[in-house]
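Coordinates in review
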Amino acid sequence: MSKGMIGPIGDQIEVFAVCPSDAIERSNARGFILSRVDDSGESRPFPIVVVRTFGDEYLGYVNRCPHDSVWLNIGSGEFFSSDRSFLRCGRHGARFEIDTGLCIDGPCNGQALEPVALAVIEGDVCLCGVKLLEDDRFSNAFEDSDETMDITIHPD
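Note that the structure is predicted; figures quoted are calculated from it, not measured.

1. Overview of the overall build of the chain
For the chain, the count of helices and strands is 0 helices and 11 strands. Reading the chain from its N terminus to its C terminus gives the helix and strand order β-β-β-β-β-β-β-β-β-β-β. A buried classification covers 38% of the 156 residues belonging to the chain. Of all intrachain contacts in the chain linking residues separated by at least 6 positions in sequence, the fraction that spans at least 24 positions is 52%. If you sum the accessible surface of the chain, you get close to 8,700 Å²; carbon and sulfur atoms cover 46% of it.

Set out below in structure tokens:
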């Protein structure tokens, strides 16, 4: 991940390269956990999903279902419905429009995924306007696992 700035001086937007644009095939998605700096200056994990559409557009969302705040790819590691026409939550089966993030079926019907601004710059998919740490410790977290969220249940 690399950092840069775009825009005229005084009106610049922070830009972070997330991955090469060819690292995601058309009609596919990939999850990343970045390191976001919050208002207090603390670093927090920031899970996102980058979708590359069949039409070769890149869309980004925070990888969190609005119903239960779990990763969309929890369980099977898949981001899409079985027919690949919707994003879906692996826990409760909520379905989201790929182009808008709007939930059209499931417990969060009418709510939407939180979009993140992406741009393809010099062959890299870049996240725009979010303050991130230049730290790769979270960026490939899914690659060393089965792309699922570990859940620990503690008795009260």
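2. Quick notes on the pairing of strand β5 (residues 58-62)
The buried count for β5 comes to 5 of 5 residues, which makes it a mostly enclosed element. For strand β4 (residues 43-52) and β5, the ladder comprises 5 bridges, and the chain directions are antiparallel. Paired with Val 49 across the bridge in β5 is Tyr 61. Counting the residues that bridge the hairpin from β4 to β5 gives 5 residues, and of these Asp 56 lies at a positive phi of roughly 70°. Strand direction decides the pairing type here: β5 and strand β9 (residues 115-116), joined by 2 bridges, are antiparallel. Residue Gly 60 lies in a different strand from β9, and its bridge partner there is Val 116.

3. So, the sheet that holds β9
Read from one edge to the other, the open sheet built from 4 strands follows the order β3-β4-β5-β9, with strand pairing classed as antiparallel. Of all strands in the sheet, those with a lone pairing partner are β3 (28-37) and β9, marking the two edges. In this structure, β3 lies alongside β4, joined through 10 bridges in antiparallel fashion. Across the sheet, Leu 34 pairs through a bridge with Phe 46, a residue of β4.

4. Quick word on the environment of Ile 33
In this fold, Ile 33 is placed in strand β3. In this structure the C-alpha to C-alpha distance between Ile 33 and Pro 45, which are 12 residues apart in sequence, comes to 6.1 Å.

5. Concerning the pattern of salt bridges
As enumerated under the stated definition, the model contains 7 salt bridges in all. The partner of Arg 52 in a salt bridge is Asp 56, and the shortest N-O contact between them spans 2.6 Å. The exposure class of Asp 56 is partly exposed, given its relative accessible area of 30%. A salt bridge links Glu 78 to Arg 84, with the shortest nitrogen-to-oxygen separation between them at 3.9 Å. Glu 78 sits in the partly exposed class, given a relative accessible area of 39%.

6. A few points about the nonpolar core
Counting residues in each nonpolar core, the largest one holds 19 residues, and the members touching the most others are Val 51, Leu 87 and Phe 96. Elements supplying a minimum of two residues to this core: β4 and β5. Core analysis: the next-biggest nonpolar cluster, separate from the first, contains 17 residues, Phe 16, Cys 19, Tyr 58 and Val 62 among them.

7. Considering unusual backbone geometry
At Ser 69, a residue that is not glycine, the phi angle is positive and equals roughly 60°. Summarising the element assignment, Ser 69 is placed in the loop between β5 and β6 (86-88). For Ser 69, a relative accessible area of 48% corresponds to the partly exposed category.

8. Quick look at the side chain of Arg 52
Following the sequence through the fold, Arg 52 ends up in strand β4. Only 2.6 Å separates the side chain of Arg 52 from the side chain of Asp 56, close enough to count as a polar contact. Excluding anything up to four places from it in sequence, Arg 52 contacts Ser 21, Asp 22, Ile 24, Glu 25, Arg 26, Ser 27, Asn 28, Glu 57 and Tyr 58.

Conventions and cut-offs
Residues numbered from 1 in each chain as written. Predicted model: local features only at pLDDT ≥ 70, side-chain atom pairs only at ≥ 80, totals over all residues. Heavy atoms only, no water. Helix = DSSP H or I, 4+ residues; strand = E, 2+ residues; numbered from the N terminus. Buried < 20%, exposed > 50% of the residue type's maximum accessible area, 1.4 Å probe, protein only. Contact = heavy atoms within 4.5 Å. Areas by Shrake-Rupley, 256 points an atom, 1.4 Å probe, with all protein chains shown as cover. Pairing = 2+ DSSP bridges. Salt bridge = Lys/Arg side-chain N within 4 Å of Asp/Glu carboxyl O. Core = buried A, V, L, I, M, F, W, Y, C linked by side-chain atoms within 4.5 Å. Polar contact = N/O pair within 3.5 Å; in protein donor to acceptor, adjacent residues only side chain to side chain.

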